[in-house]
Amino acid sequence: MSATAPQSHAGPTEAPPLFYEVQHPPTWARWLFAIATMPAVVVILVVLVLSPRTGGSTWPQTIALGVFASFILSLTLLISRLSLTIAVNPRHIRASLTPIWRTTIPFARIDRCEVIDSWAGMSSVGLHWVPRTGWVYSMGARRALRISLRSGRRVLLCTPRADDLLAAIYLAAGGDSHPAPSPPAQ
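Residues numbered from 1 in each chain as written. Predicted model: local features only at pLDDT ≥ 70, side-chain atom pairs only at ≥ 80, totals over all residues. Heavy atoms only, no water.

Undergrad: How should the sheet that holds strand β5 (residues 110-116) be read in this particular structure?
TA: Strands in a sheet are paired, the pairing made by backbone hydrogen bonds, and the direction either parallel or antiparallel. In space, the five strands of this open sheet follow the order β5-β8-β9-β7-β6, with mixed pairing throughout. The sheet is open, and its two borders are formed by β5 and β6 (125-130), each paired with just one other strand. Strand-to-strand twist of the sheet, defined as the mean angle between neighbouring strand axes without regard to direction, takes the value 15 degrees. As judged from the six bridges shared by β5 and strand β8 (residues 144-149), these two strands associate in the antiparallel manner. In the sheet register, R112 faces β8, and the bridge partner there is S148. (Pairing = 2+ DSSP bridges. Helix = DSSP H or I, 4+ residues; strand = E, 2+ residues; numbered from the N terminus. Axes fitted to C-alpha atoms, helices over the stretch in contact; angles between N-to-C directions.)

The structure is reproduced here in structure tokens:
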């Protein structure tokens, strides 16, 4: 994780972020995905190597296996490049699950924010929709910031620095940098 923003994020008209964090998937998640793809790779190799010897290989079968192998390889590369970036600028919060998804939340749309210390789904990796919780951006952190919007929608940003994120949001919105804790969710 990096605590400071690279210079490329602050252009001549844009102030540097008050909070900037980049998270990558934990090593166990990368190994789990690599191990889970091994049976598919073995099946593809066995079919491609043994089929011509038995005379059962056809071009459509080879093309289909090639497409499947490309899909598995693309998923593996996607998981290896996955990162969660959270930035608080003077006007908005930006959460980006690179290279898949990015969302921007203007401060005018935020109803309330609260830090959550533990939640069963936080150990997951990626972007998930959870009923009664909303969108969850996570790389396995055990703490999170729950953002409730005026529209009723909720976003959960999992970060080990949830208190710093909350303080940066209050500071950017014009409030105290060390707000009182939010009341517990009901």
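Undergrad: Explain the pattern of salt bridges to me, please; I cannot follow it from the model alone.
TA: For the structure shown, the criterion picks out five salt bridges. Linking R146 and E114 is a salt bridge whose minimum nitrogen-to-oxygen distance equals 3.2 Å. Highlighted residues: R146 in strand β8 and E114 in strand β5, separated in sequence by 32 residues. Taken individually, R146 and E114 each receive the classification buried, so the pair is uniform in this respect. Between R161 and D164 there is a salt bridge whose closest N-O contact spans 3.4 Å. (Salt bridge = Lys/Arg side-chain N within 4 Å of Asp/Glu carboxyl O. Buried < 20%, exposed > 50% of the residue type's maximum accessible area, 1.4 Å probe, protein only.)

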